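Here's the letter readout for the chains.
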Amino acid sequence: MNIQTYRKKFILIAMLSMTACLVLLLLLINLFNTYRVVMGQRDVLTILAENDGSFPAYNSPMTKKRHGRGYEITEESEHRLRYFQVTIRADGSVANVNLQRIAAVDEAEADRLGRLAAASGREYGFADSYVFMVYTREDSSRKQIIFLDWQEERAALKSFALISAVMGAIGLTVTFLIVLWLSKRAIRPILVSAQQQQQFITDASHELKTPLSAISVNMEVLALETGENEWIASTNEQLGMLRKLVDQLICAARLDEEASLYGEKQLLDLSELVADAVTCFTPMAEAVGRMIELDVPEHVEIMGNEELLRRLISVLCDNAIRHASGEGNIRMTLSSKAKTVTLRVQNPWPAAKDSSVYERMFDRFYKADAARRKDSIRNGFGVGLSIAQKAAQWHGGSIQASPVGQDQISFIVTLRRK
């Protein structure tokens, strides 16, 4: 994963955290505001109910109690409020309607709302654009229902919610721009350091090629003059290993850089690439007494980079042969779906049941064998699987390792077809 990917993840996490906090904050503010307004309306209804359906004078003892937890009583409250009262008999019929303090409701509408409120069985509730309270006077069995118009308050709540949502969106946009700008400055030292490391690996790898070539030529001359011996053979073997390491380091450095270095994707026959790789590695497998069992349908096509796909398949073949231990052969299968292809490479491996190795399996220079054996067959550098992972990611896919039973391991590569 390159630095730019980490930067995008940082921005995503920061924005998701900010969005969650802001949404929660605005939600709580709006809930509190709604609660305050609703309780204020309820307090007004309580005052009206205690004063038998009329609003008391501003300086009366009733108003001095200041019931309002959310409603501020002023000298204009009596004239500003719009409400009406409906009296319901014990049989549920409407006995009386008082419409003196409202003009928007006629008797038929008041009758309908009164019946609706009475049938609800609630002491306090909402009906259309009105909030109501049901009470019974001590000297009467009839229900008194007071309806208070709260259209203005409801419109104010909606307006407040809309404004808070717009301001929240503006705040998130500004925050995103700030995080985007600061993230560039924050990762600049890391980006420079990573580029320097990649450049060092690339330069050092290329510089190593010259002395390696010179040593190889000198060993060939020495072999012609003195004849082949175990020291020359061992040196040539180590040279081969160094060449392979240099090649892997260059590939790993290139994969850490921009994807454009590998050019555009082209239509490839993945079945043919897998078959070619198996053909090349069959002698190596036979040298350790194993076979590569192949289950690959013909003409499985994919849009990709041939160099990277060949390297990916070669890494998996090489890894399976080098680390196969115990009884059993190596098995490679290829399957395809509409949008993806899946390549599986399975081989016997006694450490498959050890779950701790899977956490670092694809780390660069990691070896499951802590002793880092140096025999010619099983020796590796711990770079191949990290390259395979990068190659899979370059194709929009992934690679994972999982145990199969107690003594088998399977590498599963999933690639996008386009």
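Use the structure listed above.
Now for a quick tour of the structure. (Residues numbered from 1 in each chain as written. Predicted model: local features only at pLDDT ≥ 70, side-chain atom pairs only at ≥ 80, totals over all residues. Heavy atoms only, no water.)

Some remarks on the overall build of the protein
Okay, step 1: For the protein, the helix and strand inventory stands at nine helices and twelve strands.
Okay, step 2: For the protein, the residues scored as buried account for 38% of the 418 residues in total.
Okay, step 3: Put simply, 64% of the contacts in the protein that link residues at least 6 apart link residues at least 24 apart.
Okay, step 4: Carbon together with sulfur atoms contributes 56% to the accessible area of the protein, which is approximately 24200 Å² in total. (Helix = DSSP H or I, 4+ residues; strand = E, 2+ residues; numbered from the N terminus. Buried < 20%, exposed > 50% of the residue type's maximum accessible area, 1.4 Å probe, protein only. Contact = heavy atoms within 4.5 Å. Areas by Shrake-Rupley, 256 points an atom, 1.4 Å probe, with all protein chains shown as cover.)

Description of the side chain of Gln-408
Okay, step 1: Position of Gln-408 among the secondary structure elements: in strand β12 (residues 408–416).
Okay, step 2: Relative accessible area serves as the criterion here: at 14%, Gln-408 is assigned to the buried category.
Okay, step 3: A polar atom in the side chain of Gln-408 sits 3.2 Å from the side chain of Gln-346.
Okay, step 4: Not counting chain neighbours up to four residues away, the residues in contact with Gln-408 comprise Glu-327, Gln-346, Asn-347, Pro-348, Trp-349, Ala-352, Ser-402 and Pro-403. (Polar contact = N/O pair within 3.5 Å; in protein donor to acceptor, adjacent residues only side chain to side chain.)

With respect to the environment of Ser-314
Okay, step 1: Within the secondary structure, Ser-314 is located in helix α8 (residues 306–323).
Okay, step 2: A distance of 2.7 Å separates a polar atom in the side chain of Ser-314 from the backbone oxygen of Arg-310.

Some remarks on the sheet that holds strand β11 (residues 398–404)
Okay, step 1: With respect to topology, five strands assemble into an open sheet ordered β7-β9-β10-β12-β11, the strand pairing being mixed. Each end of this open sheet is capped by a strand with a single partner; those strands are β7 (292–295) and β11. When the angles between neighbouring strand axes are averaged without regard to direction, this sheet yields 15 degrees.
Okay, step 2: Where helix α7 (residues 270–287) meets the sheet, its contacts fall on β7, β9 (330–336) and β10 (340–348), and the angle it forms with β7 comes to roughly 170 degrees.
Okay, step 3: Relative to β10, α8 is tilted by about 20 degrees, and along the sheet it contacts β7, β9, β10, β11 and β12. (Pairing = 2+ DSSP bridges. Axes fitted to C-alpha atoms, helices over the stretch in contact; angles between N-to-C directions.)

Overview of the nonpolar core
Okay, step 1: Judged by nonpolar contacts, the single largest core of 43 residues is most densely connected at Leu-270, Ile-313, Leu-316, Met-332, Leu-343 and Met-361.
Okay, step 2: If you list the elements that add at least two residues to this core, you get α7, α8, β9, β10, α9 (384–394), β11 and β12.
Okay, step 3: In terms of residue count, α8 provides more of this core than any other element does, nine residues in total.
Okay, step 4: When sequence neighbours within four positions are dropped, the list of residues in contact with Leu-270 reads Val-300, Ile-302, Leu-309, Ile-313, Leu-334 and Val-341.
Okay, step 5: Counting residues in hydrophobic clusters, the runner-up holds 18 residues, among them Leu-45, Leu-48, Ala-49 and Met-133. (Core = buried A, V, L, I, M, F, W, Y, C linked by side-chain atoms within 4.5 Å.)

Some thoughts on helix α4 (residues 107–120)
Okay, step 1: The end-to-end C-alpha separation of α4 is 20 Å, in line with the 20 Å expected for 14 residues at 1.5 Å each.
Okay, step 2: Burial in α4 covers these residues: Ala-110, Leu-113, Gly-114 and Ala-117. Along α4, the residues classed as buried sweep out an arc of 105 degrees about the axis, all on the same side. Away from the buried face of α4 by more than 90 degrees, exposed residues Ala-108 and Ala-119 are located.
Okay, step 3: If you follow the buried residues of α4, they end up packed against β1 (83–88), β2 (94–98), β3 (124–127), β4 (130–136) and β5 (143–149).
Okay, step 4: Where α4 ends, the next residue or the one after it, Gly-121, has phi of about 75 degrees, a positive value. (Expected span 1.5 Å × (residues − 1). Arc of directions from axis to C-beta.)

Some details on the sheet that holds β2
Okay, step 1: With respect to topology, five strands assemble into an open sheet ordered β2-β1-β5-β4-β3, the strand pairing being antiparallel. In this open sheet, the two edge strands, each paired with only one partner strand, are β2 and β3. Each strand of the sheet is rotated relative to its neighbour by a mean of 25 degrees, with strand direction disregarded.
Okay, step 2: Across four bridges, β1 lies against β2 in antiparallel orientation. By the bridge assignment, Gln-85 is partnered in β2 with Asn-98.
Okay, step 3: Lying on the sheet, α4 is in contact with β1, β2, β3, β4 and β5; it crosses β5 at an angle near 115 degrees.

Re the packing of α8 against α9
Okay, step 1: Where α8 meets α9, the closest approach of the two axes is 9 Å, and the angle between their N-to-C directions is 145 degrees. Seen along the crossing, α8 lies across α9 with a hand that is left-handed. Each of Leu-308, Arg-311, Leu-312, Val-315, Leu-316 and Asn-319 in α8 lies in contact with α9, whose residues at this interface are Gly-384, Leu-385, Ile-387, Ala-388, Ala-391 and Trp-394.
Okay, step 2: Per-class residue counts for the contact of α8 with α9 are nine nonpolar, two polar and one charged. (Left-handed = near helix turned anticlockwise from the far one by under 90°. Nonpolar A, V, L, I, M, F, W, Y, C, P; charged D, E, K, R; others polar.)

Topic: the packing of α7 against α8
Okay, step 1: α8 packs onto α7 with a crossing angle of 35 degrees between their chain directions and a minimal axis gap of 9 Å. The two elements α7 and α8 meet at a crossing, and its hand is right-handed. Seen from α7, the contacting residues are Leu-270, Leu-273, Val-274, Asp-276, Ala-277, Phe-281, Met-284 and Ala-285; seen from α8, they are Glu-306, Leu-309, Arg-310, Ile-313, Ser-314, Cys-317, Asp-318, Ile-321 and Arg-322.
Okay, step 2: Grouping the amino acids of the contact of α7 with α8 by side-chain chemistry returns eleven nonpolar, one polar and five charged.

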